[in-house]
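# Structural characterization, general
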Amino acid sequence: IEQVRHDLAQGICKHPAKFDYMYSKDWKYTNFTCVEMGRHNRHWKEGEDVMYVPLSYAEMRERVRPLPPGATPGALDACSGIPEACSTLWRERWTSSAVESESVCECIEETNHFIVGSEASSIHLEHYYELVRKVSGDVASRQHSG
């Protein structure tokens, strides 16, 4: 709990825009907020031999609306008549299904989150095994580690 309070007071949580980073045109790390995550959601097993410990995650919200009445499909301003706010831009997208094809407007907003308290997490590994082998008759050989 103390680490969470400490993390929330840090610059990365108080002024996250100062830490925006653009790795490339397609990999932009912006619009971060700090969030607290429950202890049981801070790690999970992925496969037989992989433990995943997230330090941040991205959340994507997609809204799709029909083209506004009177809009010209394909025009640069085709979605400008959407009254809802979008932090990025409303963009036209062509959709197609087995029944019909149409132009729609979509808004995709992405928020990135730092998970506070992660730095105070620790990983403990324990290894113990016991191997019992029958040598002969009623004689057994035991090996253990730990």
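Residues numbered from 1 in each chain as written. Predicted model: local features only at pLDDT ≥ 70, side-chain atom pairs only at ≥ 80, totals over all residues. Heavy atoms only, no water.

## Some words on the pattern of salt bridges
- This structure, assessed with the given rule, holds 4 salt bridges.
- The shortest N-O distance in the salt bridge between R63 and E84 comes to 3.1 Å. One end of the pair, R63, is in strand β6 (residues 56-66); the other, E84, is in the loop between β6 and β7 (91-96), with 21 residues separating them in the sequence.
- The class of R63 is buried, set by a relative accessible area of 10%.
- Three or more residues joined by partner-sharing salt bridges are found here, namely R61, R63, R65, E84 and E109. (Salt bridge = Lys/Arg side-chain N within 4 Å of Asp/Glu carboxyl O. Helix = DSSP H or I, 4+ residues; strand = E, 2+ residues; numbered from the N terminus. Buried < 20%, exposed > 50% of the residue type's maximum accessible area, 1.4 Å probe, protein only.)

## What to know about unusual backbone geometry
- With a phi angle near 60°, N31 is a residue other than glycine that sits in the positive phi range.
- Examined against the element boundaries, N31 turns out to sit in the loop between β2 (28-29) and β3 (32-36).
- For N31, a relative accessible area of 42% translates into the label partly exposed.

## Things to note about a nonpolar patch on the surface
- The grouping of M51, V53, L55, I123 and L125 at the surface amounts to a nonpolar patch, some 590 Å² of accessible area in total.
- Inspection of the secondary structure assignment puts I123 in the loop between β8 (101-116) and β9 (129-136).
- Take I123: its relative accessible area is 69%, and that puts it in the exposed class. (Patch = residues over 30% accessible without salt bridge, like charges linked within 9 Å, V, L, I, M, F, W, Y side chains within 5 Å. Areas by Shrake-Rupley, 256 points an atom, 1.4 Å probe, with all protein chains shown as cover.)

## Concerning the environment of C13
- Along the chain, the position of C13 falls in helix α2 (residues 11-14).
- Separated by 103 residues in the primary sequence, C13 and V116 have C-alpha atoms spaced 8.8 Å apart.

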